[in-house]
Amino acid sequence: MRIRPTASLLALAAACAAATPAAASAKDATVTIGAPFARHAGERAPFDAAGVPAVRLGKPIPAGYVLVGRKVTIDRGTAGSSGAVLLLRCPAGKTARTLGFTGANAPTYIGLHSYAGHKEVRVAVWSPPRDPVSTGVSYVVCR
């Protein structure tokens, strides 16, 4: 059974809404998603890329690979959980191989569809319950 991204988005939105009690004095949650940026061959990889042994933490990114990232900051406010969906797009001629993230208290994320081989990846991010503010970078590894 294949779940369409729209159904996943509706389920995520419903879960976030159910976990957020309405309160007049509650501080609103805020989500900030930065502009896309790229790390190219020769730069140091910021994480071990699952399923891509050529991309390893602290090692130079090999020729042919590009890591496209977006910084995400989620402030849950006082109302509870919060999340968003962001788009990661590979440069022309490249497709997605895997996902990765950095940040000690990075937002939790998940790819919303089978992304390997696609030019674009939609990623759902939400705040972990242990941190009122979470910041990290979500990446797609492209080749």
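Every value quoted in this text rests on a predicted model; they were computed, and no experiment measured them.

Rules used in this analysis
- Residues numbered from 1 in each chain as written.
- Predicted model: local features only at pLDDT ≥ 70, side-chain atom pairs only at ≥ 80, totals over all residues.
- Heavy atoms only, no water.
- Helix = DSSP H or I, 4+ residues; strand = E, 2+ residues; numbered from the N terminus.
- Contact = heavy atoms within 4.5 Å.
- Salt bridge = Lys/Arg side-chain N within 4 Å of Asp/Glu carboxyl O.
- Buried < 20%, exposed > 50% of the residue type's maximum accessible area, 1.4 Å probe, protein only.
- Disulfide = S-S within 2.5 Å.
- Polar contact = N/O pair within 3.5 Å; in protein donor to acceptor, adjacent residues only side chain to side chain.
- Core = buried A, V, L, I, M, F, W, Y, C linked by side-chain atoms within 4.5 Å.
- Phe/Tyr/Trp six-rings, centres within 6.5 Å; stacked < 30°, edge-to-face > 60°.

## With respect to the environment of glycine 58
And step 1. Turning to its location among the elements, glycine 58 is positioned in the loop between strand 2 (37–39) and strand 3 (66–75).
And step 2. When the C-alpha positions of glycine 58 and aspartate 48 are compared, they lie 8.6 Å apart, and in sequence the two are 10 residues distant.
And step 3. Ignoring any residue separated from it by four or fewer positions in sequence, one finds glycine 58 in contact with Arg44 and Ala45.

## Side note on the pattern of salt bridges
And step 1. On inspection of all chains with the given rule, the structure shows two salt bridges.
And step 2. Aspartate 48 is the salt-bridge partner of arginine 56, the closest N and O atoms lying 3.9 Å from each other.
And step 3. With a shortest N-O distance of 2.8 Å, arginine 89 and glutamate 120 are connected by a salt bridge. With arginine 89 in strand 4 (residues 83–89) and glutamate 120 in strand 7 (residues 120–126), this residue pair connects regions lying 31 residues apart in the sequence.
And step 4. Taking the relative accessible area as the measure of exposure, arginine 89 reaches 46% and is therefore partly exposed.

## Re the state of the cysteines
And step 1. Enumeration according to the criterion identifies one disulfide in this entry.
And step 2. In this model, cysteine 90 is linked to cysteine 142 through a disulfide, with the two sulfur atoms separated by 2.1 Å. Here the disulfide of cysteine 90 and cysteine 142 is left-handed, its torsion about the S-S bond being about -80°. In this pair, cysteine 90 sits in the loop between strand 4 and strand 5 (96–102) while cysteine 142 sits in strand 8 (residues 133–142), placing the two residues 52 residues apart along the sequence.
And step 3. Judged by its relative accessible area of 0%, cysteine 142 falls in the buried class.

## What to know about the side chain of threonine 95
And step 1. Inspection of the secondary structure assignment puts threonine 95 in the loop between strand 4 and strand 5.
And step 2. A distance of 3.0 Å separates the side chain of threonine 95 from the side chain of arginine 97, its partner in a polar contact.
And step 3. Non-local contacts of threonine 95, meaning those with residues more than four positions away in its chain, are made with Cys90, Gly117, His118, Lys119, Val141, Cys142 and Arg143.

## What about the nonpolar core?
And step 1. Counting 15 residues, the largest nonpolar core has Leu86, Val121, Val123, Val125 and Val140 as the members making the most contacts within it.
And step 2. Elements supplying a minimum of two residues to this core: strand 3, strand 4, strand 5, strand 7 and strand 8.
And step 3. Tallying contributions element by element places strand 3 first for this core, with four residues.
And step 4. Leave out the neighbours within four places in its chain, and valine 140 touches Val66, Leu67, Val68, Leu88, Cys90, Ala96, Thr98, Leu99 and Val121.
And step 5. By size, the runner-up hydrophobic cluster in this structure holds 11 residues, among which are Tyr65, Val137, Tyr139 and Val141.

## Focus: the packing of aromatic side chains
The way to describe two aromatic rings as a pair is by their centre distance and the angle between their planes.
And step 1. Summed over all chains, the structure comprises two aromatic pairs.
And step 2. On the numbers, 5.9 Å between centres and 80° between planes, the contact of phenylalanine 37 with tyrosine 139 is edge-to-face. Of this pair, phenylalanine 37 sits in strand 2 while tyrosine 139 sits in strand 8; the two residues are 102 residues apart in sequence, bridging distant segments of the chain.
And step 3. We classify phenylalanine 37 as partly exposed; its relative accessible area is 32%.
And step 4. The exposure class of tyrosine 139 is buried, given its relative accessible area of 2%.
And step 5. Centroid distance phenylalanine 47 to tyrosine 139: 5.2 Å. Interplanar angle 40°. Geometry classified as tilted. Of this pair, phenylalanine 47 sits in the loop between strand 2 and strand 3 while tyrosine 139 sits in strand 8, and the two are 92 residues apart along the sequence.
And step 6. Take phenylalanine 47: its relative accessible area is 6%, and that puts it in the buried class.

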